[in-house]
Amino acid sequence: MSMGYAKETICIQSGWKPKNGEPRVLPIYQSTTYKYETSQQMGKLFDLEEEGYFYTRLQNPTNDCVAQKICELEGGVAAMLTSSGQAANYYAVFNICEAGSHVVLSSTVYGGTFNLLTVTMKKMGIECTVVDPDASLEELNKAFKENTKCVFAETLANPALVVLDIEKFAMAAHGHQVPLIVDNTFATPVNCNPFQWGADIVTHSTTKYMDGHAMSVGGAIVDSGNFDWKKYADKYPGLCSPDESYHGITYVDKFGKKAYITKATVQLMRDLGSIQSPQNAFLLNIGLETLPLRMERHCQNALQVAEYLSGHEKVAWVNYPGLSGNKYYDLACKYMNGKTCGVISFGLKGGRAAAEEMMDHLSLAAIVTHVADARTCVLHPASHTHRQMTDDQLLEAGVAPDLIRFSVGIENVKDIIADLEHALSCIETDARMRDGK
Ligand SMILES: *Cc1c(COP(=O)(O)O)cnc(C)c1O
């Protein structure tokens, strides 16, 4: 067993455990299906009487090895991969919600998650109350209703870089007998383990730092096993009453601490089918092997870039929670050892127009709809990822219209800073032009 190994070791050694004569490297099980000797054996699998693979839409051995590695990194009891971070967040919530349910949602979550919950899931009859992540416990308490089933937030918000006070959110959630689900994509398990602070379920867009090379879209869900569904059986009938699509199995009784992930696999994955391809899981596994090394460099570089930008005359503001003096620095020290991630946001004195102008003069940093990979990249959320939002919604999401999201890669930091230096020197737009004077 690898329990007890440090994260660097888990990243290399966990998941695939070859037996005598088997391949050293995790094989890609590129097979939709699995062979059995008798019809009875296959039948038992369909009844969930026995564990085993029968169809890759539900489970695949390559995927399961990678999910196991992520599970150990987070310190959970069970985990699964999904085809994307969006699918992970959808399954994580929908696994315990249905029409008539209510969710407490942090306002600074990723734009895609905000849409998923407040627009698409609303059409399914699931309502949200949006809360400020900086709200006091008292204010948070007011957001809960009789039909609230979970609280959802991000440990390090994309792109607002708000560090969640995980203990405060866990206290609010548990005070109302519901679990706290957190998306830990930006911090990664290298810098933050939300279960240590009371979160119950963790999700990831593995597309970001975990893959780390911008090669494959993917997601993951990990369960801490700590939330006692059975204690609140009336609230969680999907887990605590018989599932007629499996001859009346009750997940909490049959699968104990693995009930939540088992249900999400055998019911949601079966019916909705957002499986990660084994090929992508293989690539994700290679990314995971170097995650701790890369995160260290991302954070070192980002801190230096943030310090450089802070001292630049054309820069109006810099937001990086790893920078001392930042509003979230203390929370970043408490929950993330001050490390956070490689993403920085900043604004220029020339405002939105200057932001667009500056970006066009960058050459090493590429304009891409991506973040959190080895290559430095840049994006202007108000004109790209968040363009569907009104100015009010942008501000509520912590995304100022002039905000530039700068994802610092693992190149030599001198080259990254030189690129910024050049682009900043090219800006002609100044504050007077922005104000139209
Ligand atoms: C990118 C992202 C998602 C969505 O993930 P995809 O893999 O793109 O579907 C969800 N949450 C956060 C925090 C993200 O950064």
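All residue numbers refer to positions counted from 1 along the written sequence of the respective chain. The predicted nature of this model means local features are confined to residues of pLDDT at least 70 and side-chain atom pairs, given and counted, to a pLDDT of 80 or more, with totals for whole chains, interfaces and linings taken over all residues. The side-chain figures draw on all heavy atoms in the structure; neither hydrogens nor water molecules are used.

## Quick look at the nonpolar core
Then comes step 1: Buried Ala, Val, Leu, Ile, Met, Phe, Trp, Tyr and Cys residues form a nonpolar core when they are joined through side-chain atoms within 4.5 Å. For every residue, the accessible area obtained with a 1.4 Å probe (protein chains only) is divided by the maximum for its type, and the residue is called buried under 20%, exposed over 50%, and partly exposed between those limits. The biggest cluster of nonpolar side chains holds 105 residues, and the ones touching the most others in it are Ile70, Val93, Leu180, Ile221, Trp229, Leu239 and Tyr260.
Then comes step 2: To qualify as a helix, a DSSP run of H or I must reach at least 4 residues; to qualify as a strand, a run of E must reach at least 2; elements of each kind are numbered from the N terminus. Top element by residues in this core is helix 11 (residues 259-272). It accounts for 7 residues.
Then comes step 3: The contact criterion used throughout is that any non-hydrogen atoms of two residues lie within 4.5 Å. In this view, tryptophan 229 contacts Ile96, Pro179, Ile201, Tyr236, Leu239, Cys240, Val252 and Tyr260; residues no more than four positions away in its chain are not counted.
Then comes step 4: Counting residues in each nonpolar core, the second largest holds 30 residues, with Ala306, Ala354, Ala355 and Ala365 among its members.

## Considering the site of the ligand
Then comes step 1: Here a residue is near a molecule or strand as soon as one of its heavy atoms is found within 4 Å of it. What surrounds the ligand is a group of 16 residues, the closest being Gly85, Asp183, Ser205, Thr207 and Lys208.
Then comes step 2: Residues adjacent in sequence count toward polar contacts only when both atoms are side-chain atoms; beyond that, a polar contact is any pair of N or O atoms within 3.5 Å, and within protein one must be able to donate a hydrogen and the other to accept it. At a separation of 2.9 Å, an oxygen atom of the ligand approaches a polar side-chain atom of asparagine 158.
Then comes step 3: At 2.6 Å, a side-chain N or O of aspartate 183 approaches a nitrogen atom of the ligand.
Then comes step 4: Per-residue and other accessible areas were derived by the Shrake-Rupley procedure at a 1.4 Å probe size, with only the shown protein chains allowed to occlude residues. Computed on the free molecule, the ligand has an accessible area of 380 Å², of which 92% lies beneath the protein chains in the complex.
Then comes step 5: Here the element with the most residues in the shell around the ligand is helix 4 (residues 85-94); it accounts for 3 residues.
Then comes step 6: Split into classes, the residues belonging to the shell around the ligand amount to 3 nonpolar, 10 polar and 3 charged. Three categories are distinguished: nonpolar for Ala, Val, Leu, Ile, Met, Phe, Trp, Tyr, Cys and Pro, charged for Asp, Glu, Lys and Arg, and polar for the others, with Gly belonging to the last.

## Thoughts on the packing of aromatic side chains
Then comes step 1: Stacked, edge-to-face and tilted are the three classes for Phe, Tyr and Trp ring pairs, Trp counted by its six-membered ring, which pair at centre distances within 6.5 Å; planes under 30 degrees apart are stacked, over 60 edge-to-face, the rest tilted. Within the structure shown, the criterion is met by 12 aromatic pairs.
Then comes step 2: Ring centres of phenylalanine 346 and phenylalanine 406 lie 6.2 Å apart, and the angle between their planes is 65°; this geometry places the pair in the edge-to-face category. Here phenylalanine 346, found in strand 9 (residues 343-348), pairs with phenylalanine 406, found in strand 12 (residues 404-407); they are 60 residues apart in sequence, far enough to count as distant. Neither residue differs from the other here; phenylalanine 346 and phenylalanine 406 are each classed as buried.
Then comes step 3: Taken together, the ring pairs in this structure connect Phe227, Trp229, Tyr232, Tyr236 and Tyr260 into an aromatic cluster.
Then comes step 4: Here, over-ring charges are defined by two tests on the NZ atom of lysine or the CZ atom of arginine: distance to the ring centre within 6 Å, and angle to the ring normal within 35 degrees. One cation-aromatic arrangement involves lysine 208 over tyrosine 110; the distance from NZ or CZ to the ring centre is 5.1 Å.
Then comes step 5: Taking the ring centre of tyrosine 232 as reference, the NZ or CZ of lysine 235 above it sits at 5.9 Å.

## Side note on the sheet that holds strand 11 (residues 377-379)
Then comes step 1: In short, DSSP must find at least two bridges between two strands for them to pair. Across the sheet, which stays open at both edges, the 5 strands sit in the order 8-9-12-11-10 with mixed pairing between neighbours. For this open sheet the edge positions go to strand 8 (315-319) and strand 10 (366-367), each flanked by a neighbour on one side alone.
Then comes step 2: Bridging between strand 10 and strand 11 involves 2 bridges; their strand directions are parallel. Within strand 11, the position partnered with isoleucine 367 by the bridge is valine 378.
Then comes step 3: Seen against the sheet, helix 15 (residues 351-360) touches strand 9, strand 10, strand 11 and strand 12 and runs at an angle of roughly 120° to strand 9. In this description, a line fitted to the C-alpha atoms serves as the axis of each element, helices being fitted only across the stretch in contact, and the angle between N-to-C directions of two axes falls anywhere from 0 to 180 degrees.

## Remarks on the layout of surface pockets
Then comes step 1: There is about 830 Å³ of room inside the largest pocket.
Then comes step 2: Think of a 1 Å grid over the protein atoms and nothing else: a 1.4 Å probe that fits but is trapped marks a cavity, an open set flanked by protein within 12 Å on at least five of seven lines marks a pocket, and residues with an atom within 4 Å of a point count as lining. As for the largest pocket, its lining consists of 31 residues, and the residues nearest its centre are Glu51, Gln59, Asp64, Thr262 and Thr265.
Then comes step 3: Elements with a minimum of two residues in the lining of the largest pocket: helix 3 (61-74), strand 1 (78-82) and helix 11.
Then comes step 4: Broken down by class, the residue content of the lining of the largest pocket amounts to 19 nonpolar, 7 polar and 5 charged. Grid points are joined across faces, edges and corners, and a volume is the space filled by probe spheres set on the points.

## Brief notes about the confidence of the model for the protein
Where the model shows low pLDDT, its predicted coordinates should not be examined in detail.
Then comes step 1: The pLDDT value expresses, per residue, how confident the predictor is, ranging between 0 and 100. Predicted confidence across the protein gives a mean pLDDT of 94, with 97% of residues reaching 70 or more.
Then comes step 2: Looking across the protein, the model is least confident in helix 18 (residues 431-434), with a mean pLDDT of 50, and most confident in strand 7 (residues 219-223), with 99.

## What about the environment of aspartate 200?
Then comes step 1: Tracing the backbone shows aspartate 200 in the loop between helix 8 (188-191) and strand 6 (201-205).
Then comes step 2: Residue aspartate 200 is classed as buried on the basis of its relative accessible area of 2%.
Then comes step 3: When the C-alpha atoms of aspartate 200 and proline 189 are compared, they prove to be 14 Å apart, with 11 residues separating the residues in sequence.
Then comes step 4: Among all residues touching aspartate 200, those that are not within four sequence positions of it are His174, Pro179, Leu180, Phe195, Val222, Asp223, Ser224, Asn226 and Phe227.
Then comes step 5: Among the polar contacts listed, one links the side chain of aspartate 200 to the side chain of histidine 174, at a separation of 2.7 Å.

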